[in-house]
Amino acid sequence: MTTVTPRQAPITVTLAAVVFLLAGLQAVLRMYDGLGGAGGVVVALIAAVIYLAIAFGLWKGNKIAWILAIIGGALALLSVFSGEWLSSVTGLVLLVLLLLPQSRQWFNRS
């Protein structure tokens, strides 16, 4: 009997998933702060679900999650124009982590 060992995500993908997990948790905390009234709570809830789904998808090797994470990283990188340096640095780090060869192999596997 042969046992199949599950593949483990590369550290670069795991780090990117952790960044999205933290973003999702931050959105949940914003929801409890009640910023912006009921509309703000709904937006924070939707953002939390999206961030957490992307984090889980990255960890599992889902190609759609990888594409959404790259789009999210690029949008965060553009926040440099609004003066939000931390978001732009985070976006740059995400793009680097997700576009490294070992990350690309994780998402291009059959």
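Cut-offs applied
- Each chain has its residues counted from 1, running along the sequence as written.
- Side-chain atom pairs in this predicted model are given and counted only at pLDDT of 80 or more, local residue features only at pLDDT of at least 70, and totals for whole chains, interfaces and linings cover all residues.
- The basis for every side-chain value is the complete set of heavy atoms in the structure, and neither hydrogens nor water enter the calculation.
- Numbered from the N terminus, helices here are DSSP runs of H or I no shorter than four residues, and strands are runs of E no shorter than two.
- The classification of residues rests on relative accessible area computed with a 1.4 Å probe and restricted to protein chains. Under 20% of the type maximum is buried, over 50% is exposed, and intermediate values are partly exposed.
- Here, residues are in contact when the closest pair of their heavy atoms is within 4.5 Å.
- Here the open area of atoms and residues is found with the Shrake-Rupley method and a 1.4 Å probe, where only the protein chains shown may cover a residue.
- Fitting a line to C-alpha atoms yields each axis, with helices limited to the stretch in contact; the angle taken between N-to-C directions then spans 0 to 180 degrees.
- Note: crossing handedness is left-handed where the near helix turns anticlockwise from the far helix by less than a right angle, and right-handed where it turns clockwise.
- Only Asp, Glu, Lys and Arg are considered charged, only Ala, Val, Leu, Ile, Met, Phe, Trp, Tyr, Cys and Pro nonpolar, and every remaining residue, Gly among them, polar.
- In a helix, the anticipated span is given by 1.5 Å times the number of residues less one.
- In this description, one arc is meant: the one made by directions from the helix axis to the C-beta atoms.
- Side-chain atoms within 4.5 Å are what join buried Ala, Val, Leu, Ile, Met, Phe, Trp, Tyr and Cys residues into a set we call a nonpolar core.

K.L.:
Just checking my understanding: could you explain the overall build of the protein chain for this structure?
P.N.:
Assigned secondary structure in the protein chain consists of 5 helices and 0 strands. Across the 110 residues that make up the protein chain, the buried fraction comes to 30%. If you take every contact in the protein chain between residues at least 6 apart in sequence, the share linking residues at least 24 apart comes to 63%. Element-wise, carbon and sulfur atoms account for 72% of the exposed surface of the protein chain, whose accessible area totals about 7300 Å².

K.L.:
I would appreciate a short explanation of the packing of helix H3 (residues 63-77) against helix H4 (residues 85-99) in the present structure.
P.N.:
The relative placement of two packed helices comes down to the angle between their axes together with the axis-to-axis distance. Packing of H3 against H4 leaves a shortest axis separation of 7 Å and a crossing angle of 145 degrees. In terms of crossing hand, the pair formed by H3 and H4 is left-handed. Between H3, through Trp66, Ala69, Ile70, Gly73, Ala74, Ala76 and Leu77, and H4, the contact on the second element is made entirely by Ser87, Ser88, Gly91, Leu92, Leu94, Leu95, Leu98 and Leu99. Here the contact of H3 with H4 is built from residues that sort into 11 nonpolar, 4 polar and no charged.

K.L.:
Honestly, H3 in this entry has me stumped. Any pointers?
P.N.:
Since there are 3.6 residues in each turn of an α-helix, residues three or four apart along the chain are aligned in direction. With 15 residues, H3 should reach 21 Å at 1.5 Å per residue; the first-to-last C-alpha distance of 21 Å fits that figure. Within H3, burial applies to Ala65, Trp66, Ala69, Ile70 and Gly73. Burial along H3 is one-sided: seen end-on, the buried residues are contained in an arc of 140 degrees. In H3, the exposed residues that point more than 90 degrees away from the buried face are Ile64 and Leu75.

K.L.:
Any chance you could explain the nonpolar core here in plain terms?
P.N.:
Taken as a class, soluble globular proteins show a tendency for nonpolar side chains to be buried jointly. Among the nonpolar cores identified, the biggest contains 18 residues, and Phe20, Leu58, Leu98 and Phe107 are the most heavily contacted of them. Elements with a minimum of two residues in this core: helix H1 (11-33), helix H2 (37-60), H3, H4 and helix H5 (101-107). Filtering out sequence-adjacent residues up to four positions away, Phe107 remains in contact with Val13, Gly57, Leu58, Gly61, Asn62, Lys63, Trp66 and Leu98.

K.L.:
What is the right way to look at the side chain of Ser88 in this model?
P.N.:
Relative to the helices and strands, Ser88 is located in helix H4. Looking at Ser88, the relative accessible area reads 5%, which means it is buried. The contact partners of Ser88, leaving out residues within four places of it in the chain, are Ala76, Leu77, Ser79 and Val80.

The values are spatial; any link to function lies outside them.
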